[in-house]
Every structure is written in C-alpha cells, then in structure tokens.
Amino acid sequence: MDQDFDNAYVQSWNLNLQHQFTPFALLVGYVGSKGTRLITRRNINQPANGVRPYPALSSSSPILPGTALANITQVESSGNSSCLSFQPG
C-alpha cells in the first residue's frame, strides 16, 4: 500500500437548458464528471530488459530466504478520470 494513499472522490455536474418554440421545444445539456485519487495498481517488480528489480528475497530473510519473487503489486491513489459531454435534445 502506498504510504501517501488518499481516499478517492468523484465530482459530477450538469446543466440543461430548455426553451419552447411553438410548435416544438429545444433542449440542450452539458454533463461532466471528474474522478480524483482513484485506486490504481502498479507492478513494482516489472521486468526491465528481462531482469526483475527484486528477483528474490534476501538469503538472510527470516521468512523463506532466497525465495524467487514474481509480481509485486502496489496499490496507489494516483488515478484520475474525466468525462465531458454535450447533449443535444
């Protein structure tokens, strides 16, 4: 878990305008949302040039010394999202 992990939040908004023109009505809208500090997962033991940065536990490790390591997934709050749309009616 990332030490700087923060709670995620989403902001949403919309604006709709409607006007009556005889014999029809015109409706237009604008909708948006923004996500901040969304949860992402990152492999911090991703191989670079075929070599993992952390290939195995230390031989002095008290738990399973020398055991080979595969993926090490770190959970972060570094994701963001944005969605904006115009909605003719």
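Just so you know, these numbers come straight off a predicted model, no measurement behind them.

Colleague: Break down the environment of Ala 56 for me, with residues and values.
Modeller: Mapped onto the elements of the fold, Ala 56 is located in the loop between β2 (24-43) and β3 (73-88). Not counting the four nearest positions on each side in its chain, Ala 56 is found in contact with Gly 66, Thr 67, Ala 68 and Leu 69.

Colleague: So what's going on with unusual backbone geometry? Residues and values would help.
Modeller: Following Thr 22, the chain continues into Pro 23 via a peptide bond in cis, with omega recorded as 10°. Tracing the backbone shows Pro 23 in the loop between β1 (9-21) and β2. One non-glycine residue, Asn 49, adopts positive backbone phi at about 55°. Tracing the sequence through the fold places Asn 49 in the loop between β2 and β3. Phi is positive for Leu 64, which is not a glycine, with a value near 45°. Summarising the element assignment, Leu 64 is placed in the loop between β2 and β3.

Colleague: Let's hear about a nonpolar patch on the surface: which residues, and what values?
Modeller: Together, Trp 13, Leu 15, Leu 17, Tyr 30 and Leu 84 line one region of the surface with nonpolar side chains, adding up to about 500 Å² of accessible area. Ranked by residue count, the leading element in the nonpolar patch is β1, at three residues. If you trace the backbone, Leu 17 turns up in strand β1. Classification of Leu 17 as exposed rests on a relative accessible area of 52%.

Colleague: Explain the environment of Arg 37 to me, using residue names and the numbers behind them.
Modeller: You can see Arg 37 is positioned in strand β2. C-alpha separation for the pair Arg 37 and Phe 5, spaced 32 residues apart in sequence, amounts to 8.3 Å. Sequence-distant contacts of Arg 37, that is, excluding residues within four places in its chain, are made with Asp 6, Asn 7, Ala 8, Tyr 9, Ser 77, Gly 79 and Asn 80.

Colleague: Pulling in residues and values, what's your account of the side chain of Ser 61?
Modeller: Its location among the elements puts Ser 61 in the loop between β2 and β3. Assessed through its relative accessible area of 18%, Ser 61 is described here as buried. At 2.9 Å, the side chain of Ser 61 and the backbone oxygen of Ile 63 are in polar contact.

Cut-offs and rules
- Residue positions are counted from 1 within each chain, in the order its sequence is given.
- Given that this is a predicted model, residues contribute local features only at a pLDDT of at least 70 and side-chain atom pairs are listed and counted only at 80 or more, while totals for whole chains, interfaces and linings are drawn from all residues.
- Excluding hydrogens and water, the side-chain values take into account all heavy atoms of the structure.
- Helix and strand definitions follow DSSP, with helices as H or I runs of at least four residues and strands as E runs of at least two, each counted in order from the N terminus.
- Here a residue-residue contact requires only that any non-hydrogen atoms of the pair lie within 4.5 Å.
- Put simply, a patch holds well-exposed residues, over 30% relative accessible area, that have no salt bridge, with like charges counted together within 9 Å and Val, Leu, Ile, Met, Phe, Trp or Tyr side chains within 5 Å.
- Here, Shrake-Rupley sampling with a 1.4 Å probe gives the accessible areas, and only protein chains in the shown set may cover a residue.
- Salt bridges are counted wherever a side-chain nitrogen of Lys or Arg sits within 4 Å of a carboxyl oxygen of Asp or Glu.
- The cut-offs for exposure are 20% and 50% of the maximum accessible area for each residue type, with area from a 1.4 Å probe on protein chains only; residues under the lower value are buried, those over the upper are exposed, and the others partly exposed.
- What qualifies as a polar contact is a pair of N or O atoms within 3.5 Å, subject to a donor-acceptor requirement within protein and to the restriction that residues adjacent in sequence count only when both atoms come from side chains.

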